[in-house]
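# Examining the three-dimensional arrangement
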Amino acid sequence: MPSRRRRRDNSSNEETAAKKSRAQQPKKEVSTEFNKKRCLTWFHEYTGTSEETLGPEGMEKFCEDIGVEPENIVMLALAYKLNAKNMGFFTVEEWMKGMTELQCDTIGKLQNRLDYLRAMLNDPAIFKNIYRFAFDFAREKDQRSMDIDTAKAMLSLVLGKNWPLFSSFHQFLEQAKYKVINKDQWCNILEFSRAIRPDLENYDEDGAWPVMLDEFVEWLKEHKLHADDQMPL
């Protein structure tokens, strides 16, 4: 049946020509320029269209979308960049200002900036700012101090992996009388973790550390002494 064969050949030739034509057409480039409207639309994917605060439920979905656990310290770095005031919440003003600075208006763009946020945490000077920011971010806003349970959780997040004495300090807080930690204590804990060696050899009893840290050193020395006494000869 030559007539059908010819039609099939013509059709094949036409399809090939069409594909070549499409291939020769310039491809549409994906916009990389930051767009405030797109950024705002992205925000409202996690809130109602009239809501101006992204809360815990939306935050969970947001974290899922960018592939980061809510408890990951990189979320603290992001909150710092957004200058967020309340843990677990981003206002639309915080979101727009922070994402504009980061030049992120889509999930993909923010994912590409995660390494930048992690690098911030590895910079000692920037980390110090983030650490101080964490105190005001996590405390109840009607309180000047941070309750001890929140403080232990936040200290675990910011110092748990990098301070050799953190486990001991956490145990100390577990048995200590402290119910809250004030900002001066909070800031000095970081300085102590950076300045004092794990063996405490360079600890100065006459130094200007807060009483809490003096008590920690005393507790730790007694704890180690007791542990040495329990070791079999």
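Residues numbered from 1 in each chain as written. Predicted model: local features only at pLDDT ≥ 70, side-chain atom pairs only at ≥ 80, totals over all residues. Heavy atoms only, no water.

### Let's talk about the overall build of the protein chain
Each helix and strand in the protein chain was counted, giving 11 helices and four strands. For the protein chain, restricting intrachain contacts to residue pairs at least 6 apart in sequence, the fraction spanning at least 24 positions comes to 67%. (Helix = DSSP H or I, 4+ residues; strand = E, 2+ residues; numbered from the N terminus. Contact = heavy atoms within 4.5 Å.)

### Remarks on the pattern of salt bridges
Evaluation of the coordinates by the stated rule reveals 12 salt bridges. As a salt-bridge pair, K61 and D65 come within 2.8 Å of each other at their nearest N and O atoms. Placement of the pair is K61 and D65 together in helix α3 (residues 56-66), with a separation of four residues, close to one helical turn. Overall, the relative accessible area of 39% leaves K61 in the partly exposed class. Here E191 makes a salt bridge to K128, at a shortest N to O gap of 3.5 Å. Taken together, the residues span a long stretch of sequence, with E191 in helix α10 (residues 183-195) and K128 in helix α7 (residues 124-138) at a distance of 63 residues. Assessed through its relative accessible area of 27%, K128 is described here as partly exposed. Counted as one network, the salt bridges with shared partners bring together R38, D105 and K109. (Salt bridge = Lys/Arg side-chain N within 4 Å of Asp/Glu carboxyl O. Buried < 20%, exposed > 50% of the residue type's maximum accessible area, 1.4 Å probe, protein only.)

### So, the packing of aromatic side chains
Remark: the centre distance and the inter-plane angle together describe each pair of aromatic rings, the angle taken between the planes. Enumeration according to the criterion identifies 23 aromatic pairs in this entry. Seen from their ring centres, F135 and W186 are 6.1 Å apart, and the 50° between their planes marks the pair as tilted. Of this pair, F135 sits in helix α7 while W186 sits in helix α10, and the two are 51 residues apart along the sequence. In terms of burial, F135 and W186 fall into one category: buried. Taken together, the ring pairs connect W163, F169, F172, F192, Y203, W209, F216 and W219 into an aromatic cluster. When the ring centre of Y116 is taken as reference, the NZ or CZ atom of R113 above it lies at 4.3 Å. (Phe/Tyr/Trp six-rings, centres within 6.5 Å; stacked < 30°, edge-to-face > 60°. Lys NZ or Arg CZ within 6 Å of the ring centre and 35° of its normal.)

### A few points about helix α9 (residues 166-175)
Listing the buried residues of α9 in full gives F166, S168, F169, F172 and L173. The arc enclosing the buried residues of α9, seen along the axis, measures out at 160°, which places them on a common side. (Arc of directions from axis to C-beta.)

### As for the side chain of E94
Structurally, E94 is set in helix α5 (residues 92-102). No salt bridge forms around the buried E94; measuring N to O, its nearest opposite-charge neighbour K85 is 4.7 Å away. In this structure the side chain of E94 is engaged in a polar contact, spanning 3.1 Å, whose partner is the backbone nitrogen of K85. (Lys, Arg positive; Asp, Glu negative; His and termini not counted. Polar contact = N/O pair within 3.5 Å; in protein donor to acceptor, adjacent residues only side chain to side chain.)

### A few points about the side chain of S193
Position of S193 relative to the elements: it lies in helix α10. Judged by its relative accessible area of 16%, S193 is buried. Within the structure, the side chain of S193 is placed 2.6 Å from the backbone oxygen of L190, a separation counted as a polar contact. Other than its neighbours up to four places away in sequence, S193 contacts L159 and W163.

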